[in-house]
Amino acid sequence: MLSLQSLTDDDRELIELARRTVDANTDGPDGVYTMGAAVRGIDGRMYAGINLYHFTGGPCAELVALGHARASGARELTTIVAVGNEGRGVVGPCGRDRQVLVDYHPGIRVILPTEDGPRSVLATDLLPGAYRWTPNPS
């Protein structure tokens, strides 16, 4: 059972950053769906990313946003969201993104679409019983 939480003002601000990012950089309605993502660091700073659609798969927007945060020095992240182009709104992460989130940021909250509008949930709730790879083995 998912432990859904209502959105905060910070969550809505994060969604807006992802929406602005995808709107400014969309590939348009030609069948290539562009995604924007935004992630918030524990210090409140936000980092955006956009996917690079390619027939080989390309990196998802969430992974680009995580890389942007990491390259900017953010190591502790609180929340992540992805938004589709052409007004598609909040979109949940794919399986690969869920695995990366669980491995690197198990305590991060992920904003998802629900029947009652966007809500957030812990990344670990999205991938129960997952294999856990440890990026920093002890």
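Residues numbered from 1 in each chain as written. Predicted model: local features only at pLDDT ≥ 70, side-chain atom pairs only at ≥ 80, totals over all residues. Heavy atoms only, no water.

Structural notes on the pairing of strand 2 (residues 46–50)
Here is step 1: As judged from the five bridges shared by strand 1 (residues 35–41) and strand 2, these two strands associate in the antiparallel manner. Following the sheet pairing, Val39 is matched in strand 2 by Tyr47.
Here is step 2: With antiparallel pairing between neighbouring strands as the criterion, strand 1 and strand 2 make up a hairpin whose turn holds four residues, including Gly44 at a positive phi of roughly 95 degrees. (Pairing = 2+ DSSP bridges. Helix = DSSP H or I, 4+ residues; strand = E, 2+ residues; numbered from the N terminus.)

Some points on the pattern of salt bridges
Here is step 1: Evaluated as defined, the whole model comprises four salt bridges.
Here is step 2: Taking the shortest distance from any N to any O, the salt bridge between Asp23 and Arg19 comes out at 2.5 Å. Residue Asp23 and its partner Arg19 are located together in helix 1 (residues 9–25), separated by four residues, close to a single helical turn.
Here is step 3: Of the residues examined, Arg19 reaches a relative accessible area of 33% and is grouped as partly exposed.
Here is step 4: Through salt bridges with shared partners, one network takes in Glu16, Arg19 and Asp23. (Salt bridge = Lys/Arg side-chain N within 4 Å of Asp/Glu carboxyl O. Buried < 20%, exposed > 50% of the residue type's maximum accessible area, 1.4 Å probe, protein only.)

Some points on the nonpolar core
Here is step 1: Grouped together as the largest cluster of nonpolar side chains are 20 residues, with contacts concentrated most on Val39, Leu77, Ile80, Leu101, Ile108 and Val110.
Here is step 2: Those elements giving two or more residues to this core turn out to be strand 1, helix 2 (61–71), strand 3 (77–84), helix 3 (95–104), strand 5 (109–112) and helix 4 (123–126).
Here is step 3: Among the elements that take part in this core, helix 2 stands out by supplying four residues, more than any other.
Here is step 4: Other than its neighbours up to four places away in sequence, Ile80 contacts Leu14, Ala38, Val39, Glu62, Leu66, Leu101, Ile108, Arg109, Val110 and Ile111. (Core = buried A, V, L, I, M, F, W, Y, C linked by side-chain atoms within 4.5 Å. Contact = heavy atoms within 4.5 Å.)

Here we look at the packing of helix 2 against helix 3
Here is step 1: Two elements in contact, helix 2 and helix 3, have axes whose closest approach is 10 Å; the angle formed by their N-to-C orientations is 30 degrees. Relative to helix 3, the element helix 2 is oriented roughly parallel. Between helix 2 and helix 3, the residues in contact are Glu62, Leu63, Leu66 and Arg70 and Arg96, Asp97, Val100, Leu101 and Tyr104, respectively.
Here is step 2: A breakdown of the residues in the contact of helix 2 with helix 3 according to their chemical character gives five nonpolar, no polar and four charged. (Axes fitted to C-alpha atoms, helices over the stretch in contact; angles between N-to-C directions. Parallel < 35°, antiparallel > 145°, perpendicular 65-115°, else oblique. Nonpolar A, V, L, I, M, F, W, Y, C, P; charged D, E, K, R; others polar.)

Section: the side chain of Arg109
Here is step 1: Tracing the sequence through the fold places Arg109 in strand 5.
Here is step 2: For the buried residue Arg109, which engages in no salt bridge, the nearest side chain bearing the opposite charge is Asp125, 6.1 Å off.
Here is step 3: Beyond its immediate chain neighbours, meaning those up to four positions away, Arg109 contacts Ser3, Gln5, Thr78, Thr79, Ile80, Ser120, Val121 and Leu122. (Lys, Arg positive; Asp, Glu negative; His and termini not counted.)

Details of empty space enclosed by the protein
Here is step 1: Inspection of every chain in the model, using the stated rule, returns one cavity of 30 Å³ or more.
Here is step 2: Counted as a void, the largest cavity has a volume near 30 Å³.
Here is step 3: Together, Glu62, Ile80, Val81, Ala82, Val91, Gly92, Pro93, Leu101, Val110 and Ile111 line the largest cavity.
Here is step 4: Looking at the lining of the largest cavity, the elements with two or more residues in it are strand 3 and strand 5.
Here is step 5: Per-element accounting of the lining of the largest cavity gives the leading share, three residues, to strand 3. (1 Å grid on protein atoms, 1.4 Å probe; cavity = no way out; pocket = protein on both sides within 12 Å on 5 of 7 lines; lining within 4 Å. Points joined across faces, edges and corners; volume = space filled by probe spheres on them.)

These values are about where atoms sit, not about what they do.
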